[in-house]
Amino acid sequence: MARIGVMLPRDLPAGRVLAFAREAERLGFDELWVVEDLGFRGGVAQAGAVLAATSRIVVGIGILPAGARNAAFAAMELATLAQLFPGRLIAGIGHGMRDWMRQVGVRPASPLTLLREYTVAVRALIRGEPGPAAGRYVDVEGVVLAETPHVVPPVVLGVRGPKSIAVAGRFAEGVLLAEPSAPPYVAAALERLASPSPEVITYDAAVIGDDGPAARDRVRPGLAWIGEPDWAPHLAALPFAADLARHRAAAADRDAFAATMPDAWVRELSLAGTPDEVRARIAARHAAGATSVVLIPAEPDALDALPRLARALPGA
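Figured I'd write up the structure that's included with this text. Owing to the predicted nature of the structure, the values given are computational and were not obtained by experimental measurement. (Residues numbered from 1 in each chain as written. Predicted model: local features only at pLDDT ≥ 70, side-chain atom pairs only at ≥ 80, totals over all residues. Heavy atoms only, no water.)

### Describing the environment of arginine 98
Then comes step 1: Here arginine 98 lies in helix H4 (residues 98-103).
Then comes step 2: Linking arginine 98 and asparagine 70, residues 28 residues apart in sequence, is a C-alpha distance of 18 Å.
Then comes step 3: Here arginine 98 is in contact with Arg107 and Asp230, once residues within four sequence places are set aside. (Helix = DSSP H or I, 4+ residues; strand = E, 2+ residues; numbered from the N terminus. Contact = heavy atoms within 4.5 Å.)

Listed below in structure tokens is the structure:
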């Protein structure tokens, strides 16, 4: 089933977090995704809180950086959530942003090796299997969890580049693609996964309103970062990728880059516009291979914007 989710913003005031989760469930979103960005809130704690505050909605953690937690203890946290809330958890693991990992002293010489070893270990432990043989970075050999869930949560890798996406296809249930996730990027990722029926979860900045161009103008701040080098894999398959790179090089700064981007690019790189326009863009991502399309609220008051975002849901 093609699913639609919404992200719980990392900087939403703490007193509004549970209200946001309950409202997302009431409005009919399939999934609620929490993030773990350095200096903000912990992903596991957020997931536990919103799972307990809701009754139906699936909660995704996107993502837990490999190496930030010991693999055995990360598996314990995820197994506990999956035990208490069966069938309602998706666990995302990734490299973590390079600068953040460097700041906290866990940037490995080979991030790909760490990600592979960590993913294999966490998945094995959650399934109740003994920890695999010690590797270069991860050593939980012989560890066994006494408490494991009846419904094992899917583990997806939040990664960007082709080699990391290939690891997701071999060692996880699928991939979580950060924003922007236009259909060509989704299709390219699906090809690199090279696995049967993988999870392909996408993030995109979102604003919905009755005036399409005005909604796209409001989403522009959410696109300010996409011209930076780390985002190149998201854009490579787009027909205007070279023009976008030139536009960023000519812009005075990120804000000017986003403010002067052609409307047609904004339409492709976000989920912004009228409800019908956004439904069409969501359908295009599903058609390209996305199993879940996650809307990132891009307006200042995310809780206020949530009912407007729900206008893109089927039957709204």
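Still more to cover.
### Some thoughts on the packing of aromatic side chains
How two aromatic rings sit relative to each other is given by the distance of their centres and the angle of their planes.
Then comes step 1: A complete count under the given rule lists 3 aromatic pairs for this structure.
Then comes step 2: Taken together, a centroid distance of 6.2 Å and an interplanar angle of 75° make the contact between tryptophan 33 and tyrosine 203 edge-to-face. Highlighted residues: tryptophan 33 in strand E2 (residues 31-34) and tyrosine 203 in strand E7 (residues 199-208), separated in sequence by 170 residues.
Then comes step 3: Under the relative-accessibility criterion, tyrosine 203 is labelled buried at 5%.
Then comes step 4: Summarising the aromatic geometry, the rings of phenylalanine 240 and tryptophan 265 are spaced 5.1 Å apart at their centres and angled 5° between planes, so their arrangement reads as stacked. Of this pair, phenylalanine 240 sits in the loop between helix H9 (232-235) and helix H10 (241-250) while tryptophan 265 sits in helix H12 (residues 263-269); the two residues are 25 residues apart in sequence, bridging distant segments of the chain. In this structure, phenylalanine 240 and tryptophan 265 share a single accessibility class: buried.
Then comes step 5: The ring centre of tryptophan 231 lies 4.5 Å from the NZ or CZ of arginine 160, which sits over that ring.
Then comes step 6: Above the plane of the ring of tryptophan 225 lies arginine 254, whose end atom (NZ or CZ) is 3.7 Å from the centre. (Phe/Tyr/Trp six-rings, centres within 6.5 Å; stacked < 30°, edge-to-face > 60°. Buried < 20%, exposed > 50% of the residue type's maximum accessible area, 1.4 Å probe, protein only. Lys NZ or Arg CZ within 6 Å of the ring centre and 35° of its normal.)

### Looking at the pairing of strand E3 (residues 58-65)
Then comes step 1: Most of E3 is tucked away: 7 of the 8 residues are buried.
Then comes step 2: Strand direction decides the pairing type here: E2 and E3, joined by 4 bridges, are parallel. Counterpart to leucine 32 in the pairing with E3 is valine 59.
Then comes step 3: Relative to strand E4 (residues 89-94), E3 runs parallel, the two sharing 5 bridges. Within E4, the residue paired with glycine 60 across the bridge is isoleucine 90.
Then comes step 4: The parallel pair E3 and E4, bridged by helix H3 (residues 71-84), forms a crossover whose chirality is right-handed. (Pairing = 2+ DSSP bridges. Right-handed = clockwise from strand over helix to strand, strands pointing away.)

### What about the pairing of E2?
Then comes step 1: In E2, alternate side chains face the same way, and those of Glu31 and Trp33 on one face and Leu32 and Val34 on the other are all buried.
Then comes step 2: Of the strand pairs in this sheet, strand E1 (residues 3-7) and E2 are connected by 3 bridges, and their pairing is parallel. Its bridge partner being in E2, methionine 7 is matched across the sheet by tryptophan 33.
Then comes step 3: Running through helix H1 (residues 17-27), the crossover from E1 to the neighbouring parallel element E2 is right-handed.
Then comes step 4: Handedness of the crossover joining E2 and E3 through helix H2 (residues 43-53): right-handed.

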